[in-house]
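Now for the letters of each chain:
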There are 4 protein chains.
Amino acid sequence: MTKIKVGIIGAGRIGKIHADNLLRHPDVEIVAVSDLFAGEELKAWAAARGIGILTKDSDDIIRHPDIDAVFICSSTDTHVPLIKQAALAGKHIFCEKPVSMEIERTEEAIEAVRQAGVKLQIGFNRRFDHNFKRVRQHVEDGTIGTPHIVKITSRDPSPPPRDYIKVSGGLFMDMAIHDFDMARFLSGSEVVEVYAQGGVLVDPVFAEYEDVDTAIITLKFANGALGVIDNSRKAVYGYDQRVEVFGSKGSVSVANDHPNTAVVSTEEGISSDKPLHFFLERYTQAYAEEVEKFIDSLVNGAPLPVDGNDGLQAERIALAAKLSYRLNRAVKISEIGELRRSMAIQT
Amino acid sequence: MTKIKVGIIGAGRIGKIHADNLLRHPDVEIVAVSDLFAGEELKAWAAARGIGILTKDSDDIIRHPDIDAVFICSSTDTHVPLIKQAALAGKHIFCEKPVSMEIERTEEAIEAVRQAGVKLQIGFNRRFDHNFKRVRQHVEDGTIGTPHIVKITSRDPSPPPRDYIKVSGGLFMDMAIHDFDMARFLSGSEVVEVYAQGGVLVDPVFAEYEDVDTAIITLKFANGALGVIDNSRKAVYGYDQRVEVFGSKGSVSVANDHPNTAVVSTEEGISSDKPLHFFLERYTQAYAEEVEKFIDSLVNGAPLPVDGNDGLQAERIALAAKLSYRLNRAVKISEIGELRRSMAIQT
Amino acid sequence: MTKIKVGIIGAGRIGKIHADNLLRHPDVEIVAVSDLFAGEELKAWAAARGIGILTKDSDDIIRHPDIDAVFICSSTDTHVPLIKQAALAGKHIFCEKPVSMEIERTEEAIEAVRQAGVKLQIGFNRRFDHNFKRVRQHVEDGTIGTPHIVKITSRDPSPPPRDYIKVSGGLFMDMAIHDFDMARFLSGSEVVEVYAQGGVLVDPVFAEYEDVDTAIITLKFANGALGVIDNSRKAVYGYDQRVEVFGSKGSVSVANDHPNTAVVSTEEGISSDKPLHFFLERYTQAYAEEVEKFIDSLVNGAPLPVDGNDGLQAERIALAAKLSYRLNRAVKISEIGELRRSMAIQT
Amino acid sequence: MTKIKVGIIGAGRIGKIHADNLLRHPDVEIVAVSDLFAGEELKAWAAARGIGILTKDSDDIIRHPDIDAVFICSSTDTHVPLIKQAALAGKHIFCEKPVSMEIERTEEAIEAVRQAGVKLQIGFNRRFDHNFKRVRQHVEDGTIGTPHIVKITSRDPSPPPRDYIKVSGGLFMDMAIHDFDMARFLSGSEVVEVYAQGGVLVDPVFAEYEDVDTAIITLKFANGALGVIDNSRKAVYGYDQRVEVFGSKGSVSVANDHPNTAVVSTEEGISSDKPLHFFLERYTQAYAEEVEKFIDSLVNGAPLPVDGNDGLQAERIALAAKLSYRLNRAVKISEIGELRRSMAIQT
């Protein structure tokens with residue numbers, strides 16, 4: 001069998017994770033990696049993995065005739081132009097979330113992909129987590145009946161640096177966007193309305209960028225179900241990633257993953273170790289599986305597990321959350337276009 | 001020592017629970033019980049407990065010269081007049097929640113109590129639950145630092161009958177009012193703003209009375225913290241009463257109570273028994289303790305653990321939730337007076 | 001209905017617990033209490049409970065014509081003579097464990113009870129614990145198939161004082177006897193062979209009295225199943241009372257009870273409160289229920305839940321364990337008579 | 001850096017696991033694999049992994065000049081001769097457990113290794129399990145004080161086939177040997193005495209080979225602590241691998257690993273998925289880590305985590321257990337030599 005030839009654009013933390021997962025796949029060959037800041041360290045990294053081409057120019061990847069698929073792991077502002085170019089060049093695309101911070105731009109990218117007839121998968125890795133998959137399966141199997149309430153707790157162990165906050169797009173677009181996708185994934189229904197309440201309780205730096213570090217977001221789904229997400233940029237005890245779906249026949253919930261099951265009992269009380277620290281530890285297997293499913297789709301024509309539309313819908317919810325927070329009222333997904341025009345805001 | 005002499009007005013389910021808890025108290029004597037529907041059954045019940053007076057007329061209790069304190073366990077519409085009368089008669093008062101469904105009326109009752117210099121405790125029994133008390137203690141001790149998010153899950157095992165729904169005041173006033181008090185209790189801060197989203201997902205009968213059976217309520221506290229409550233009238237697996245307080249130094253959460261700790265492992269999976277079925281099973285000890293604290297306050301002058309103002313604040317939040325749900329926007333506690341006038345609604 | 005009239009012999013900690021549980025029973029009247037050391041304190045205690053007769057002489061109880069049933073809560077050496085006297089006087093008997101530390105004496109007591117046609121219940125309170133009852137029920141229901149292994153963990157929070165150790169009969173007879181009864185109760189099968197290994201790891205005082213403070217006891221049941229008990233006189237984290245029954249179709253196990261379900265997550269880890277401290281906290285409800293069942297048997301003729309034979313069998317196992325520990329080999333229940341003769345030991 | 005060149009003898013299930021873990025190691029090259037039954041399937045397997053030499057003759061590996069280390073994964077009866085040959089050839093050795101079923105033969109193998117000055121690691125993979133490592137660490141750190149009781153539950157999901165039972169060496173040597181090593185590992189002390197009780201409760205086939213399928217084994221450690229192991233060949237709910245160490249300052253215990261944390265609550269009760277099915281699922285990471293540590297020892301001279309003596313000690317305990325079961329009495333490790341002679345048994 002001929003191997004799928006892959007090029008990776010952007011060799012930061014996430015690009016490297018994808019690379020290592022791709023290298024373990026028997027049907028894949030990584031032909032080239034590009035990174036704006038490619039230096040000695042990256043050279044050594046690529047060499048150790050037998051990756052032949054290391055370049056600073058993403059064009060070298062997009063124009064490479066042998067490459068079948070590109071992984072876009074560069075900064076968010078480059079996603080849309082790269083998707084368009086890759087689609088035009090007939091490459092299949094795996095792109096990190098979010099596609100962009102402007103709905104119209106994301107729509108353009110999706111349209112380019114559609115016209116080119118290539119595949120586009122968005123990096124919503126959490127759908128592949130063993131816990132969340134099991135919840136989804138129970139919902140699909142009807143174990144809990146019709147979903148009434150979807151609850152998502154999503155808290156990071158510590159806030160990102162100021163430089164990241166500045167360009168992140170804000171908590172709703174940067175962090176909660178994973179939760180918006182999770183809400184759609186778990187409920188199997190579209191979000192039609194959003195109310196977001198937030199606060200700056202962790203670090204005043206967030207206020208400087210009109211951002212929040214703590215949020216409660218209420219969702220209303222097309223099927224009438226309700227959802228709620230609580231976010232914090234700082235859970236000192238580690239990455240907190242739990243969900244619950246409550247329905248007419250019961251509920252299903254998942255707790256965090258822990259490094260071990262050891263429980264210590266002493267005169268002081270009962271204790272155990274904290275949850276897995278952050279996304280690299282918690283989603284190790286999920287990252288591997290999302291890449292596997294993408295390759296599987298290319299090789300065997302299996303349907304994509306997360307496509308461009310999933311990216312778009314999550315962005316719409318994020319935008320509605322942002323608007324809701326500013327207006328302090330519920331915002332319908334259907335009114336975000338008009339609201340943005342009337343508010344003349346850039347989001 | 002002279003015993004505290006108590007009269008109980010309303011001998012329904014909750015009145016009887018209070019009676020039995022009072023009977024176990026060495027410092028208390030139940031002198032009289034009144035109930036509109038006092039019949040043979042109640043007569044036997046009172047006789048078995050050595051309660052000398054059983055009457056249909058609450059006046060017999062309020063005017064009884066020996067009685068020191070009255071327990072008002074009759075229907076909500078009788079609470080305010082009975083509180084006023086009892087206060088005027090110089091009796092201390094334990095009154096079930098809510099005091100009334102109209103803020104102004106509740107304020108009148110509190111004013112009457114104040115003028116009479118008697119004590120008034122409101123039946124927010126959950127404050128005395130062993131789990132919630134432990135959460136509160138951790139918050140007070142600073143174990144989790146400054147609270148950022150208060151989360152309350154509160155779901156009943158099955159909806160009340162139509163006749164009850166009709167006069168209940170609606171989910172926000174009837175059911176969530178306990179959670180509003182819990183939010184204040186756990187956070188130690190006042191609620192300043194409310195957003196309520198709801199739906200009729202359990203039974204269409206709720207729609208007939210402009211009520212909901214499922215709700216997500218977002219709270220904003222005076223100190224900037226956020227809160228969220230999720231309610232359902234029907235959790236088929238039993239009474240679901242959990243809370244979590246998340247703060248700058250960590251979180252504390254409580255799970256449901258179960259009738260036993262037995263875990264069965266078979267070829268089909270791992271299983272255990274459902275949580276305690278409903279409030280009678282879950283709050284047995286809490287009901288006993290709230291009565292004990294009330295008596296303790298009368299005997300030893302200890303401060304009341306829940307007073308009239310606590311009842312009033314919870315009603316204000318409930319009203320704000322009701323208004324928010326109708327207006328589909330966040331409602332400030334400070335604006336409920338004006339809003340009610342402008343909407344000319346009766347709540 | 002006429003009330004069951006009860007006399008209590010021995011008003012130590014356990015006698016008082018039984019008294020308070022009896023007082024709560026609508027069908028019971030406590031007529032008299034005897035205690036060798038009855039003084040002012042006990043007088044006040046009895047007065048507060050409306051108990052008419054307080055005496056130092058147990059004869060006053062056994063000869064009292066109105067008394068239907070006696071609770072024998074005095075020291076172990078008095079059990080057999082009191083049972084015999086009470087049986088002769090036609091009283092029903094509730095006796096604390098063990099009946100005696102000599103099998104033959106226990107047999108005599110049982111014979112006296114048989115001849116008198118009165119009822120004798122032994123105070124194996126743990127059979128009434130909500131957790132262990134649930135395990136037994138699963139075993140009876142066949143949930144876990146045929147039992148293969150019965151595991152019992154039974155550890156006290158702290159060792160008794162020297163004076164108690166001296167006369168306790170040793171860990172096997174004093175402490176593990178509850179576990180021997182539990183093994184029979186859970187498995188529904190008789191123990192036929194015992195191997196006991198022990199050590200003095202907690203406090204050298206145990207060695208002074210040829211006792212152990214730590215033990216592992218292996219049981220073989222008549223039906224071929226195996227059992228294992230681990231005991232310690234000192235679990236610093238509190239009373240540790242867990243069991244597991246493992247069988248052909250699965251297993252059922254119970255964890256300890258805790259004062260609350262609060263879980264705290266901080267930078268240091270996850271923690272919760274210790275289990276309920278000791279038997280008074282853990283078995284509160286079980287003590288109430290064993291008394292209720294005894295009274296129920298007297299009033300309604302329901303079969304006794306734990307009878308004299310149960311007491312005898314547990315003592316036999318305890319003796320076998322004691323012998324096994326000395327001989328460092330497995331001891332059959334059927335050989336304990338002969339072994340004792342050949343060893344000329346007093347146990 | 002030059003890579004460690006490895007040859008694998010025996011390409012059954014466990015040989016293949018080691019191979020895949022070795023292939024992932026950057027410092028390792030697998031030069032050759034031998035298997036008595038090497039056929040087309042194995043050829044394809046080796047080819048897909050780029051393994052150059054596939055042979056039926058283990059000599060091809062032992063005499064290969066480039067090979068630094070051999071993995072002995074063939075049947076138990078071949079272990080000793082292969083260890084001797086490999087040692088003579090100057091190869092480092094990783095050998096599966098048990099080294100042999102005869103203590104003297106194991107001693108010969110260890111002596112050969114000593115004389116050759118090569119390294120020998122035994123495949124006690126469970127020492128590398130994340131849960132058991134954490135328990136050991138707590139014991140070492142003194143978290144639980146001086147160990148008093150070590151408890152090990154070790155149950156397989158289903159019995160092996162008759163052909164395996166026939167040559168397995170019996171439950172004590174084949175299955176419990178892992179637990180004997182675990183007991184030494186966790187306690188940090190040598191076992192000095194063993195008592196084993198067993199039964200044929202799962203399948204009569206075990207009786208045909210004088211084997212048992214269910215066992216309770218009591219251990220006494222040199223430091224006075226006690227241990228207990230319970231084994232079953234058939235836990236229908238999956239692989240059951242739990243331990244607890246109880247000591248003067250508390251206890252530490254570990255529960256099973258599960259494929260996810262999903263908990264379902266319905267009208268029927270609370271349920272979750274079974275534990276990971278068997279050793280391949282449970283010990284995936286442990287298998288990887290034991291190989292990593294072995295290579296690490298070869299490359300960096302780090303001490304071996306499990307050596308020949310560890311293999312020998314576990315075999316001694318297994319033999320004592322076997323003898324104890326036959327004699328139905330406790331057997332000291334120090335008396336097994338004499339006992340075997342006097343019993344003229346082959347074990």
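Reading guide: rules and limits
- Residues numbered from 1 in each chain as written.
- Chains lettered and ligands numbered in written order.
- Predicted model: local features only at pLDDT ≥ 70, side-chain atom pairs only at ≥ 80, totals over all residues.
- Heavy atoms only, no water.
- Helix = DSSP H or I, 4+ residues; strand = E, 2+ residues; numbered from the N terminus.
- Buried < 20%, exposed > 50% of the residue type's maximum accessible area, 1.4 Å probe, protein only.
- Contact = heavy atoms within 4.5 Å.
- Areas by Shrake-Rupley, 256 points an atom, 1.4 Å probe, with all protein chains shown as cover.
- Lys, Arg positive; Asp, Glu negative; His and termini not counted.
- Charge placed at Lys NZ, Arg CZ, Asp CG, Glu CD.
- Polar contact = N/O pair within 3.5 Å; in protein donor to acceptor, adjacent residues only side chain to side chain.
- Pairing = 2+ DSSP bridges.
- Axes fitted to C-alpha atoms, helices over the stretch in contact; angles between N-to-C directions.
- Right-handed = clockwise from strand over helix to strand, strands pointing away.
- Least-squares fit on C-alpha atoms with pLDDT ≥ 70 in both.
- Buried area = accessible area lost by both parts, 1.4 Å probe.
- Salt bridge = Lys/Arg side-chain N within 4 Å of Asp/Glu carboxyl O.

Glancing now at the overall build of chain A. Looking only at helices and strands, chain A has 14 helices and 15 strands in total. Oriented by its inertia axes, the alpha-carbon framework of chain A measures out at about 60 × 55 × 45 Å. Here chain A holds 347 residues, and the buried ones make up 59% of them. The long-range fraction of contacts in chain A, counting pairs at least 24 apart against all pairs at least 6 apart in sequence, stands at 70%. Accessible surface, chain A: about 13100 Å² in total, of which carbon and sulfur atoms supply 50%. Across chain A, 40 positive and 50 negative side-chain charges occur, with their mean positions spaced 2 Å apart.

So, about the side chain of D:Glu335. Residues and elements named next belong to chain D. Inspection of the secondary structure assignment puts Glu335 in the loop between strand 15 (331-332) and helix 14 (336-343). Overall, the relative accessible area of 19% leaves Glu335 in the buried class. Separated by 2.7 Å, the side chain of Glu335 and the backbone nitrogen of Lys332 make a polar contact. In this structure Glu335 touches Arg329 and Ala330, once residues within four positions along its chain are discounted.

A few words now on the sheet that holds strand 6 (residues 120-122) of chain A. Residues and elements named next belong to chain A. Reading across the sheet, the 6 strands line up as 3-2-1-4-5-6 and stay open at both edges, with parallel pairing between neighbours. Taken across any chain shown, the strands that pair with only one partner, and hence form the sheet edges, are strand 3 (53-55) and strand 6. Sheet twist, expressed as the average angle between the axes of neighbouring strands with direction ignored, equals 20 degrees. Looking at chain direction, strand 4 (residues 69-72) and strand 5 (residues 92-95) are connected through 4 bridges and run parallel. Of the residues in strand 5, the one forming a bridge with Phe71 is Phe94.

Residues and elements named next belong to chain A. Where burial is concerned, the two faces of strand 4 agree: the one with Ala69 and Phe71 and the one with Val70 and Ile72 are both buried. The pairing of strand 1 (residues 4-9) with strand 4 spans 4 bridges and is classified as parallel. From the neighbouring strand, Gly7 faces strand 4, where its bridge partner is Val70. Running through helix 4 (residues 76-88), the crossover from strand 4 to the neighbouring parallel element strand 5 is right-handed.

Turning to the sheet that holds strand 2 (residues 28-34) of chain B, a few remarks are in order. Residue and element names in this part refer to chain B. Strand order in the open sheet formed by 6 strands is 3-2-1-4-5-6, and the pairing between neighbours is parallel. The sheet is open, and its two borders are formed by strand 3 (53-55) and strand 6 (120-122), each paired with just one other strand. On average, adjacent strands in this sheet sit at an angle of 20 degrees to one another, irrespective of strand direction. Examined bridge by bridge, strand 2 and strand 3 share 3 bridges and lie parallel to one another. Residue pairing for strand 3: Ser34 is matched across the bridge by Thr55.

So, on to the relation of the copies chain B and chain A. Each copy superposes on the other: chain B lies on chain A with an RMSD of 0.1 Å after a rotation of 180 degrees and an axial shift of 0.0 Å. The two molecules are tied by a two-fold rotation axis, judged by turn and shift. In terms of proximity to the rotation axis, the leading residue of chain B is B:Arg329, whose C-alpha is 2.1 Å off the axis. Mapped onto chain A, 100% of the interface residues of chain B are again interface residues, and the two copies thus contact each other with one and the same surface.

Each side of the interface is counted separately: chain B has 41 residues, and chain A has 41 residues. The three residues of chain B that bury the most area against chain A are B:Leu201, B:Ile216 and B:Phe246, which together make up 18% of that side's buried surface. Along the contact surface separating chain B from chain A lie 6 salt bridges. One salt bridge in this structure joins A:Arg155 and B:Glu244, with 2.7 Å as the shortest N-O distance. Our count for the contact surface shared by chain B and chain A stands at 14 residue pairs in polar contact (both at pLDDT 80 or more). Secondary structure elements with two or more residues in the side of chain B that touches chain A: strand 7 (147-155), strand 8 (191-199), strand 9 (214-221), strand 10 (226-232), strand 11 (240-247) and strand 12 (250-254) of chain B. Looking at the side of chain B that touches chain A, the element that brings in the most residues is strand 10 of chain B, giving 6 residues.

Limitation: the analysis is restricted to geometry and does not speak to function.
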